[in-house]
Amino acid sequence: MSWSKKVIVNYHFINAAYENFFNELNMSFDALLKNEDSSGTFDAGQSHFFWNINSKVNIADTDTYFISVVKEKCVWPVWFKENDGIAEIPLSDGALGELYYAIVNPKGRFILSLAAAGGGPTGAFNKFLNEFSKDGSVKLTPLFEDKIELTALSWDFIKKIAVSFKFPTYEHQAEFMASMAGTLFGLLDEVDGLSVNITVAAPKAKQQLNAAQTKRVAKTLLANEFCNKLVLKGANFDGEEMQEFDLKNAQVKYKEMVEIPGSYMVEDEALPILKRAYNDRSHDIIKGYSYDS
């Protein structure tokens, strides 16, 4: 069986409140690669995850690691056979899951990730990295074209925030609704939908939104992979000409069509894509880290 897939690689910077986290993460990955077993599991909410440190990749001046993460699925397709009808998938052992790949550079503080089939890799790798954090403070910040998010998130006069969410399944929707950001969108759960569009605005000339709270919400939603639109409209002060940016659609992404010969994308198919994505934006990644640090 062979099938085509449009692969989307996400670029993120890794942020942590604990400054020594990055050195410790580098040492942990090195130690795991030297062990006979470089894999592990963890639980986050109702989800179970499996991960493996596959190898070290020679693409940057500092250590870069190729990593797989699998998120166990609770809802499956069905198994069927002629004359036998429909039944659950006959698993004698183990579980089925969504497979994600990434290259992680702890000292460069960046991660590039992709989904081998469906689902979103960003949330899975954010949870994975927090397994190595002492305080659970690890956050992923997207790479943007021309860093327009810095402009928008510096505004003190904000007139509008507009957001859109689109969830691939109810399982993904339920996971989001259980998060801090999800509590702001209770209506989505009430009416049992998989997409939502919300605009909050201050329509009168001198009115404005609470800038601190709006920016706090915006920063949270920036890292949410199911938020596909995040528009901010504002200015540095009242009276300055307004600007409006969709921060989500300014995120840098690498896209490529690939032919997959098997039932899923294996490591040897995923790693070259991640390498090409890194080479395509290596200057921006290095510049972005230097700016943030």
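The structure we're discussing is the one just above.
Residues numbered from 1 in each chain as written. Predicted model: local features only at pLDDT ≥ 70, side-chain atom pairs only at ≥ 80, totals over all residues. Heavy atoms only, no water.

**Concerning the overall build of the protein chain**
And step 1. Helix and strand counts for the protein chain stand at seven helices and 14 strands.
And step 2. Radius of gyration (C-alpha) of the protein chain: 21 Å, near the 19 Å computed for a compact globule of 293 residues.
And step 3. Based on the C-alpha atoms only, the size of the protein chain along its principal axes is roughly 70 × 50 × 35 Å.
And step 4. Counting over 293 residues, the protein chain shows a buried share of 45%.
And step 5. When contacts within the protein chain are restricted to residue pairs at least 6 apart in sequence, long-range pairs at least 24 apart make up 69% of them. (Helix = DSSP H or I, 4+ residues; strand = E, 2+ residues; numbered from the N terminus. Rg over C-alpha atoms; globule rule 2.2 N^0.38 Å. Buried < 20%, exposed > 50% of the residue type's maximum accessible area, 1.4 Å probe, protein only. Contact = heavy atoms within 4.5 Å.)

**Let's talk about unusual backbone geometry**
And step 1. Phi at asparagine 83 is positive, roughly 75°, even though this residue is not glycine.
And step 2. By the secondary structure assignment, asparagine 83 is in the loop between strand 5 (79-81) and strand 6 (85-87).
And step 3. Phi is positive for arginine 109, which is not a glycine, with a value near 60°.
And step 4. Within the element layout of this structure, arginine 109 appears in the loop between strand 7 (97-105) and strand 8 (110-115).

**Describing the side chain of lysine 73**
And step 1. Note that lysine 73 resides in the loop between strand 4 (64-72) and strand 5.
And step 2. Aside from chain neighbours lying at most four places away, what touches lysine 73 is Leu96, Gly97, Glu98 and Glu171.

**Describing helix 6 (residues 211-222)**
And step 1. With 12 residues, helix 6 ought to run about 16 Å at 1.5 Å a step, and its terminal C-alpha atoms sit 16 Å apart, in line with that.
And step 2. Listing the buried residues of helix 6 in full gives Ala211, Thr214, Lys215, Val217, Ala218, Leu221 and Leu222. All buried residues of helix 6 lie within an arc of 160° about the axis, which places them on one face of the element. Facing away from the buried surface of helix 6 by more than 90 degrees, the exposed residues are Ala212 and Lys219.
And step 3. Looking at the buried residues of helix 6, the elements they touch are strand 9 (139-142), strand 10 (157-166) and strand 12 (227-235). (Expected span 1.5 Å × (residues − 1). Arc of directions from axis to C-beta.)

**Brief notes about the packing of aromatic side chains**
And step 1. Under the defined criterion, the tally for this structure stands at 14 aromatic pairs.
And step 2. On the basis of an interplanar angle of 15° and a centroid distance of 6.1 Å, the ring pair of phenylalanine 29 and phenylalanine 128 is categorised as stacked. Residue phenylalanine 29 is located in helix 1 (residues 21-34), and its partner phenylalanine 128 is located in helix 2 (residues 121-130); the two are separated by 99 residues in the primary sequence. With respect to class, phenylalanine 29 is no different from phenylalanine 128; both count as buried.
And step 3. Through successive ring pairs, a cluster of aromatic residues spans Phe29, Trp51, Tyr65, Phe125, Phe128 and Phe132. (Phe/Tyr/Trp six-rings, centres within 6.5 Å; stacked < 30°, edge-to-face > 60°.)

**Examining empty space enclosed by the protein**
And step 1. Scanning all chains against the criterion turns up one cavity of 30 Å³ or more.
And step 2. Considered as a void within the structure, the largest cavity measures approximately 80 Å³ in volume.
And step 3. As for the largest cavity, its lining consists of Phe49, Lys71, Glu98, Tyr100, Gly120, Gly123, Ala124, Lys127, His172, Glu175, Glu225 and Phe226.
And step 4. Within the residue set of the lining of the largest cavity, elements represented by two or more residues are strand 7, helix 2 and helix 4 (170-177). (1 Å grid on protein atoms, 1.4 Å probe; cavity = no way out; pocket = protein on both sides within 12 Å on 5 of 7 lines; lining within 4 Å. Points joined across faces, edges and corners; volume = space filled by probe spheres on them.)

**A look at the sheet that holds strand 10**
And step 1. The strand order 11-10-12-13 describes an open sheet built from four strands, whose pairing is antiparallel. What marks the edges here is a single partner per strand, and that holds for strand 11 (195-201) and strand 13 (243-246). The mean inter-strand angle of the sheet, taken between neighbouring strand axes irrespective of direction, is 10°.
And step 2. Packed onto the sheet, helix 6 meets strand 10 and strand 12 and runs at close to 30° relative to strand 10. (Pairing = 2+ DSSP bridges. Axes fitted to C-alpha atoms, helices over the stretch in contact; angles between N-to-C directions.)

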